[in-house]
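# Per-entry structural report
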Amino acid sequence: MVWENLKYFIECLRNLSISESLNLKNGFCVSTGSNSGFENWVYSPDVIDDEDKLKVLEFFNKKNLPFAWPVKNNFKISGLFQPVKLAAMSYEPENKENKIYELDNNIKIERINNKFDSEIWGRLSWQGFGGNYDDVPKEYLNLSHEYYMNENHFKIFIAKFNNINAGTFLLNDDKNLNANGIYYFAVIPEFRRCGVARNMMNYISGLKKLMLLQATPMGKLFYENYGFKYISDMNIFSNTTDL
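Described below are features of the structure shown in this document. (Residues numbered from 1 in each chain as written. Predicted model: local features only at pLDDT ≥ 70, side-chain atom pairs only at ≥ 80, totals over all residues. Heavy atoms only, no water.)

## So, the packing of aromatic side chains
Per the counting criterion, the structure on display carries 25 aromatic pairs. Aromatic pair tyrosine 91 and tyrosine 226: ring centres 5.3 Å apart, planes at 55°, arrangement tilted. With a gap of 135 residues between them, tyrosine 91 in strand E5 (residues 81-91) and tyrosine 226 in helix H6 (residues 217-226) connect regions that are remote in the sequence. Look at tyrosine 91 and you get buried, because its relative accessible area is 0%. With a centroid separation of 5.6 Å and an interplanar angle of 70°, the aromatic rings of tyrosine 223 and phenylalanine 228 are classed as edge-to-face. Like tyrosine 223, the residue phenylalanine 228 is buried in the burial classification. Grouping aromatic residues by their ring pairs yields a cluster made of Tyr91, Phe157, Phe169, Phe185, Tyr203, Phe222, Tyr223, Tyr226 and Phe228. Geometry around phenylalanine 59 places lysine 63 over its ring, the cationic atom sitting 4.9 Å from the centre. (Phe/Tyr/Trp six-rings, centres within 6.5 Å; stacked < 30°, edge-to-face > 60°. Helix = DSSP H or I, 4+ residues; strand = E, 2+ residues; numbered from the N terminus. Buried < 20%, exposed > 50% of the residue type's maximum accessible area, 1.4 Å probe, protein only. Lys NZ or Arg CZ within 6 Å of the ring centre and 35° of its normal.)

## Brief notes about the packing of helix H5 (residues 196-205) against H6
Taken N-terminus to C-terminus, the directions of H5 and H6 make an angle of 50°; their axes are 11 Å apart at the nearest point. When the axis of H5 is compared with that of H6, the two are oblique. Pair H5 / H6 crosses with right-handed handedness. Two secondary-structure elements touch here, H5 through Ala197, Arg198, Met201, Asn202 and Ser205 and H6 through Phe222, Tyr223 and Tyr226. In the contact of H5 with H6, the residues fall into 5 nonpolar, 2 polar and 1 charged. (Axes fitted to C-alpha atoms, helices over the stretch in contact; angles between N-to-C directions. Parallel < 35°, antiparallel > 145°, perpendicular 65-115°, else oblique. Left-handed = near helix turned anticlockwise from the far one by under 90°. Contact = heavy atoms within 4.5 Å. Nonpolar A, V, L, I, M, F, W, Y, C, P; charged D, E, K, R; others polar.)

## What about the pattern of salt bridges?
Scanning the entire structure with this criterion turns up 15 salt bridges. Across the pair lysine 63 and glutamate 20 runs a salt bridge whose closest N-O atoms are separated by 2.9 Å. Within this pair, whereas lysine 63 is found in helix H2 (residues 50-63), its partner glutamate 20 is found in strand E1 (residues 20-24), the two being separated by 43 residues in sequence. Judged by relative accessible area, which is 26%, lysine 63 ranks as partly exposed. For glutamate 20, a relative accessible area of 45% puts it in the partly exposed group. In this structure, the salt-bridge partner of lysine 55 is glutamate 51, at a minimum N-O distance of 3.8 Å. (Salt bridge = Lys/Arg side-chain N within 4 Å of Asp/Glu carboxyl O.)

Right, here's the structure in full:
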């Protein structure tokens, strides 16, 4: 189901006003204009076609943008880099074998409901993934605004530790699967190991929907400790080694 939710997420990206897309024989690709590879996607996970590959490269190279192309199993795409391998994972809050978690009183989760705060969310998520809060590309902030304005598909949240902004996440509400796809799950460095990430997960778990995500090697242990189940590898190919 992680693959189905990822497709839904990319299709939602495709419908944003800032996005451009291209149909392929075996899927499609989407550019949001962001210089971050995980905002530009190719969805064709099962069939690797040389004609499609050339179309993808031409589409993104003309824009001088990186992209992420996830594929299943052990498929390889010749001529592209494989900068990372993600782990598809899921968590069922209503599974009685899973623990019941509560929110800490000093950590609050707030949903973003205005354009001004959507920019704060964008800056904070950029910082959580290693960027500088005061030096965020305008394309990334434009995408943050689009997420806020398309609340039927995207819900963005900030976690506050003692009323100080500490972390972010986005939920892609997939009604077909009755699931929440989790994206942009990040905590800024000074608030790591303070329970912020666990409390963000506690909040999402409290929504009582199937939780789906793609974990980086660094984040996988946290999700496993929380109770997420590994489903499969997700090989990511790109035109760059830096995603």
